[in-house]
Amino acid sequence: VQLQASGGGLVQPGGSLRLSCVVSGRPFRTYTVAWFRQAPGKEREFVVGIRGNGGSTHYADSVKGRFSISRDNAKGTVYLQMNNLKPEDMALYFCAASQTVILGALRRPEQYHYWGQGTLVTVSS
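Note that the structure is a prediction, hence the values are computed from the model and not measured.

Asker: Please explain the state of the cysteines as it appears in this structure.
Answerer: Every disulfide links exactly two cysteines, by a covalent bond between their sulfur atoms. With the rule as written, the count across this model stands at one disulfide. Note on cysteine connectivity: Cys21 is disulfide-linked to Cys95, with sulfurs 2.2 Å apart. Judged by the sign of its S-S torsion, about 75°, the bond between Cys21 and Cys95 is right-handed. Linking Cys21 in strand β3 (residues 17–23) with Cys95 in strand β9 (residues 91–98), this pair joins segments that are 74 residues apart in sequence. Taking the relative accessible area as the measure of exposure, Cys21 reaches 0% and is therefore buried. For Cys95, a relative accessible area of 0% corresponds to the buried category.

Asker: Can you walk me through the pattern of salt bridges in this structure?
Answerer: Between side chains of opposite charge, a pair can form as their charged atoms come close. Applying the stated criterion across every chain yields a total of four salt bridges. Among the ionic pairs, Arg66 bridges to Asp89, the shortest N-O distance being 2.7 Å. Taken as a pair, Arg66 in the loop between β6 (57–59) and β7 (67–72) and Asp89 in the loop between β8 (77–82) and β9 lie far apart in primary sequence, 23 residues in all. Among the residues examined, Arg66 registers a relative accessible area of 9% and is labelled buried.

Asker: Sorry, what's going on with the environment of Leu80 here?
Answerer: Along the chain, the position of Leu80 falls in strand β8. Between the C-alpha atoms of Leu80 and Gln117, which are 37 residues apart in sequence, the distance is 16 Å. Leu80 has contacts with Leu17, Arg18, Leu19, Trp35, Val48, Phe67, Ser68, Ile69 and Tyr93, leaving out every residue within four places of it along the chain.

Asker: Which parts of the structure should I look at to understand the side chain of Thr119?
Answerer: Within the element layout of this structure, Thr119 appears in strand β11 (residues 119–123). Judged by relative accessible area, Thr119 falls into the buried class, the value being 10%. Here the side chain of Thr119 touches Gly8 through a polar contact of 3.0 Å, landing on its backbone nitrogen.

Asker: Can you walk me through the packing of aromatic side chains in this structure?
Answerer: For the coordinates displayed, the defined rule picks out four aromatic pairs. Here the aromatic rings of Phe36 and Trp115 are separated by 5.1 Å at their centres, their planes lie at 45°, and the arrangement is tilted. Separated by 79 residues along the polypeptide, Phe36 in strand β4 (residues 32–38) and Trp115 in strand β10 (residues 114–115) bring together distant segments of the chain. Classification of Phe36 as buried rests on a relative accessible area of 1%.

Procedures and definitions
Residues numbered from 1 in each chain as written. Predicted model: local features only at pLDDT ≥ 70, side-chain atom pairs only at ≥ 80, totals over all residues. Heavy atoms only, no water. Disulfide = S-S within 2.5 Å. Helix = DSSP H or I, 4+ residues; strand = E, 2+ residues; numbered from the N terminus. Buried < 20%, exposed > 50% of the residue type's maximum accessible area, 1.4 Å probe, protein only. Salt bridge = Lys/Arg side-chain N within 4 Å of Asp/Glu carboxyl O. Contact = heavy atoms within 4.5 Å. Polar contact = N/O pair within 3.5 Å; in protein donor to acceptor, adjacent residues only side chain to side chain. Phe/Tyr/Trp six-rings, centres within 6.5 Å; stacked < 30°, edge-to-face > 60°.

Now the structure itself:
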């Protein structure tokens, strides 16, 4: 299974970006997909996830109300709409996927078997 993340770039504070993650695994609807991010000198942290077979979503408190995750099962793609970006959102963003994320463990990176290469989000004026 391969993941291809894209959509990162340079944006001013308050701006928006949309990240995409294309997942090659099938059937795609069975995959739970999450976004994690890692800033320089910091540990990787959970941002948001969307479950397979139902699509429930879960957000880190730091992005609630600003970020929105969605999936297009026909295209095998998950989108992360990021609005009102802040300097503290600047990081390398990774998408991850798995068919076997256990209940209650969606935020744990060790639950994900497959990872994309990362896309850089820079928030700066």
